[in-house]
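The residues making up each chain are set out below.
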Amino acid sequence: MTETADHPDAYPPSAEFAAAANVDAGIYERAAQDREAFWAEQADCLHWHERWNQVLDWTDAPVAKWFVGGRLNVAYNCVDRHVLEGRGDKVALHWEGEPGDSRTITYSDLLAEVSRAANYLTELGLTAGDRVAIYMPMIPETIVAMLACARLGLPHSLVFAGFSPTALRQRIDDAEARLVITVDGQWRRGTPAPLKEAVDEALLAKGDVPSSVEHVLVVRRVGTEVEWTEGRDLWWHETVAQADPVHEAQAFDAEHPLFILYTSGTTGKPKGILHTSGGYLTQTSYTHRVVFDHKPETDVYWCTADVGWVTGHSYIVYGPLANGATQVLYEGTPNFPDEHRHWQTIEKYGVTIYYTAPTLVRTFMKWGRQIPDAHDLSSIRVLGSVGEPINPEAWRWYRDVIGSGTAPIVDTWWQTETGAIMISPLPGITATKPGAAMTPVPGVSAAVVDEEGKTVRRGETEANGYLVLDQPWPSMLRGIWGDMERYRATYWDRFADQGWYFAGDGAKLDVNGDLWVLGRVDDVMNVSGHRISTAEVESALVGHSGVAEAAVVGASDETTGQGIVAFVILTAEATDTGATMVDELKAEVAREISPIARPREIHVVPELPKTRSGKIMRRLLRDVAEGRELGDTSTLVDPQVFESIRAGRTD
Ligand code: WT7
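So, how was this worked out
- Residues numbered from 1 in each chain as written.
- Predicted model: local features only at pLDDT ≥ 70, side-chain atom pairs only at ≥ 80, totals over all residues.
- Heavy atoms only, no water.
- Pairing = 2+ DSSP bridges.
- Helix = DSSP H or I, 4+ residues; strand = E, 2+ residues; numbered from the N terminus.
- Axes fitted to C-alpha atoms, helices over the stretch in contact; angles between N-to-C directions.
- Polar contact = N/O pair within 3.5 Å; in protein donor to acceptor, adjacent residues only side chain to side chain.
- Contact = heavy atoms within 4.5 Å.
- Buried < 20%, exposed > 50% of the residue type's maximum accessible area, 1.4 Å probe, protein only.
- Parallel < 35°, antiparallel > 145°, perpendicular 65-115°, else oblique.
- Nonpolar A, V, L, I, M, F, W, Y, C, P; charged D, E, K, R; others polar.
- Phe/Tyr/Trp six-rings, centres within 6.5 Å; stacked < 30°, edge-to-face > 60°.
- Lys NZ or Arg CZ within 6 Å of the ring centre and 35° of its normal.
- Right-handed = clockwise from strand over helix to strand, strands pointing away.

**Student:** Explain the sheet that holds strand β25 (residues 515-520) to me, please; I cannot follow it from the model alone.
**Tutor:** Two orientations exist for strands paired in a sheet by backbone hydrogen bonds: parallel and antiparallel. Read from one edge to the other, the open sheet built from 4 strands follows the order β21-β22-β24-β25, with strand pairing classed as antiparallel. Among the strands making up the open sheet, the edge pair consists of β21 (446-449) and β25. Going from strand to strand, the sheet's axes swing by 45 degrees on average, the running direction of each strand aside. Across 5 bridges, the pairing between strand β24 (residues 501-509) and β25 is antiparallel.

**Student:** Teacher, can you tell me more about the side chain of H288 here?
**Tutor:** If you trace the backbone, H288 turns up in helix α9 (residues 278-291). A distance of 2.9 Å separates a polar atom in the side chain of H288 from a polar atom in the side chain of N323. Here H288 is in contact with D293, H294, Y301, Y315, G319, P320, N323 and A325, once residues within four sequence places are set aside.

**Student:** Even after reading the chapter, I still don't get unusual backbone geometry, so can you show me in this structure?
**Tutor:** Backbone phi values are negative for most residues with the exception of glycine, while trans is the configuration of most peptide bonds. Here the amide bond leading from A61 into P62 is cis, since omega sits at 10 degrees, within 30 degrees of zero. Note that P62 resides in the loop between β1 (54-57) and β2 (65-68). P337 follows F336 through a cis peptide bond whose omega is -5 degrees. Phi angles above zero are rare outside glycine, and S404 is one such case at about 50 degrees. Along the polypeptide, S404 turns up in the loop between α14 (392-402) and β20 (409-412). Given a relative accessible area of 43%, S404 falls into the partly exposed group.

**Student:** It is not clear to me how the sheet that holds strand β16 (residues 300-303) should be interpreted in this structure. Could you clarify?
**Tutor:** With respect to topology, 7 strands assemble into an open sheet ordered β5-β4-β17-β16-β18-β19-β20, the strand pairing being mixed. Of all strands in the sheet, those with a lone pairing partner are β5 (102-106) and β20, marking the two edges. The average undirected angle you get between the axes of adjacent strands in this sheet is 20 degrees. Alignment of β16 against strand β17 (residues 326-330), held across 3 bridges, turns out to be parallel. Directly across from V300, in β17, lies its bridge partner T326.

**Student:** Mind showing me how you'd approach the packing of helix α3 (residues 35-43) against α9 here?
**Tutor:** Packed helices, taken two at a time, are described by the angle their axes make and the gap between the axes. Their axes nearest at 9 Å, the elements α3 and α9 cross at an angle of 85 degrees. Comparing the axis directions of α3 and α9 gives the class roughly perpendicular. Residues F38, W39, Q42 and A43 of α3 lie in contact with α9, whose contacting residues are T282, Q283, Y286 and R289. Residues of the contact of α3 with α9, tallied by class, amount to 4 nonpolar, 3 polar and 1 charged.

**Student:** Looking at this structure, I do not really get helix α7 (residues 165-175). What am I missing?
**Tutor:** Note on helix geometry: an α-helix contains 3.6 residues per turn, so any two residues three or four positions apart are oriented the same way. Within α7, burial applies to P165, A167, L168, R169, R171, I172 and A175. Tucked inside the fold, the buried residues of α7 contact β6 (132-135), β8 (179-183), α8 (196-202), β14 (257-263) and α17 (579-592).

**Student:** Help me out: how do you make sense of the packing of aromatic side chains in this one?
**Tutor:** Aromatic rings in a pair are described by how distant their centres are and how their planes are angled relative to each other. Counted by the stated rule, this structure contains 35 aromatic pairs. Centre to centre, the rings of F292 and Y315 are 6.0 Å apart; their planes meet at 70 degrees, and the pair counts as edge-to-face. Of this pair, F292 sits in the loop between α9 and β16 while Y315 sits in helix α10 (residues 310-322), placing them 23 residues apart in sequence. Exposure class is identical for F292 and Y315. Each is buried. Through a chain of ring-to-ring contacts, three or more aromatic side chains come together here, namely W58, W473, Y487, Y491, W492 and Y501. In this structure, R494 is placed above the aromatic ring of Y466, and the distance from its NZ or CZ to the ring centre is 5.2 Å.

**Student:** Can you walk me through the environment of V132 in this structure?
**Tutor:** Tracing the backbone shows V132 in strand β6. Note on V132: relative accessible area 0%, which makes it buried. For the pair formed by V132 and P389, sequence separation is 257 residues and the distance between their alpha carbons is 33 Å.

**Student:** Would you mind going over the pairing of β16 with me for this structure?
**Tutor:** A two-sided burial pattern is seen for β16, the buried positions comprising V300 and W302 on one face and Y301 and C303 on the other. For the crossover that starts at β16, traverses α10 and ends in the parallel β17, the hand is right-handed. Here 3 bridges tie β16 to strand β18 (residues 353-356), and the two strands are oriented parallel to one another. Its bridge partner lying in β18, Y301 is registered against I353.

Just distances and angles here, no functional claims.
Below, the structure written as structure tokens:
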């Protein structure tokens, strides 16, 4: 820790780390001088079947084209290239199964598997542009499936394996997927949980309308019995595993769609965020290289995210594999069979770069430092954080206990929409501050502005502003699948005059001009780093016959960042009005959306606070949920409503 006049609590890298780092401070200036030349240089780290002739075409803003005219194959870049350059024996994945089984997969192995899958998907009649839904846990076949899709130009849509059949069906329908790839079941704390069954349920005809899915390809993971629909269902081991392990990758346009990933917005319907190929791969691989100071020859990298979220896409699959990384992939929960699992895994493989979420750091803190202290974690040299603001206390604990008091922490701000890291320290350059994401990475431009779009002045603590991105970036989303109007309205209308992307986050600049992300300013909650909209949970609640009206807010939570708190008005039909009803409603939300969305508290209330125009005053409900004095209630129709809400609280 260094005491500087500017900031009493900044942590510069050691001289030794700085000297060996992949980049030096000059990178910021070089990028600022000529952004497009800078990005071209990063794109040149990839293999292009045909080089582009224009770095950026922004004439159709807000839909960017990057590396115009360029052609590449994303899977070739992530796999073939390393084998062709003589690194076929290098380990790509140290896979650690939850029950204790493990597999080592080299780049040559990965090439054979991906080629087999590509040959079989072709045999199934899938052609470039067709969509494939992938509903799978953290096993190597999930990555193989993603790369096979990328290889064939089939945009994939990963659906997190914790999501419900309803959520899966909604995503399948929206993307009109022709194929679903799944498993018989997944390991969850020592028990096999069915997953194929959820697919069967999701694919049931709705009235006369069958789903768009023609085939379900099933990997056997847990070995339990599954129902089988002849003609539709196919075992991976009888098909893909038997296919030819040689496949020649074709090049696709730089703007060919790579994947769709659904995320929560402010309405009940999830948005299918669309990412394309060349710019996405350029920025994910560049950021993985500079933000984690990744050195392919010596590092063992571990990102603990699930592959079903964007962090898994960008920092387990595409970024690290494009960089020829050796990484750990772990199937299960951090406390199976006990709370030592992560630290044992770090010791076992000699993990050097560890990237996780603040909620998990806080969970580790709760379990106690004696657990990591029982292990040799000295291999760790860089720590990463993502998903929500990291509180300074957790930050310091992370550095001291997991990083031996020396490992730099990169607090990386980005979104499903941005595709790759946007704001983060660089570990060999930045004097980091606990809780601050610091500055945009070289090549990226961001600003903190007020309501009118005027730049917020440094150190103005009163005036927290909005985080905007004022220049296009290579891995930016190219739209919302099937709804370009919503794309414009959601991200580009707020600061339309300036042509800026509005991230939905609040932020402030400190006296040094360093950026602190403060969290969402819209009706999106962040629970353990997962995005859930209030509207989504409200719609699941009112879907229950006992609920007339519902209002949902995110209230701060010590471990999960935010917890979901719901206020419901029951219908006349609701026979039970007490604890059983509350439990049933919690279960209903978990079933409809996912266990992640299960409300922490549900309060049955006689009324909800509304403005004269009928809008629910969430700000006031948040005050109630967090036990604060009420803010301004003067715009309420009936200020008395809070007396009854407070009286109705059952906790
Ligand atoms: C939202 C995006 C980025 C991959 C995982 C989440 C919050 C993310 C940080 C950070 C403060 C952060 C923001 C953002 N967020 N990283 N380092 N500091 N907040 O992706 O589900 O698209 O959520 O997560 O609120 O808007 P996502």
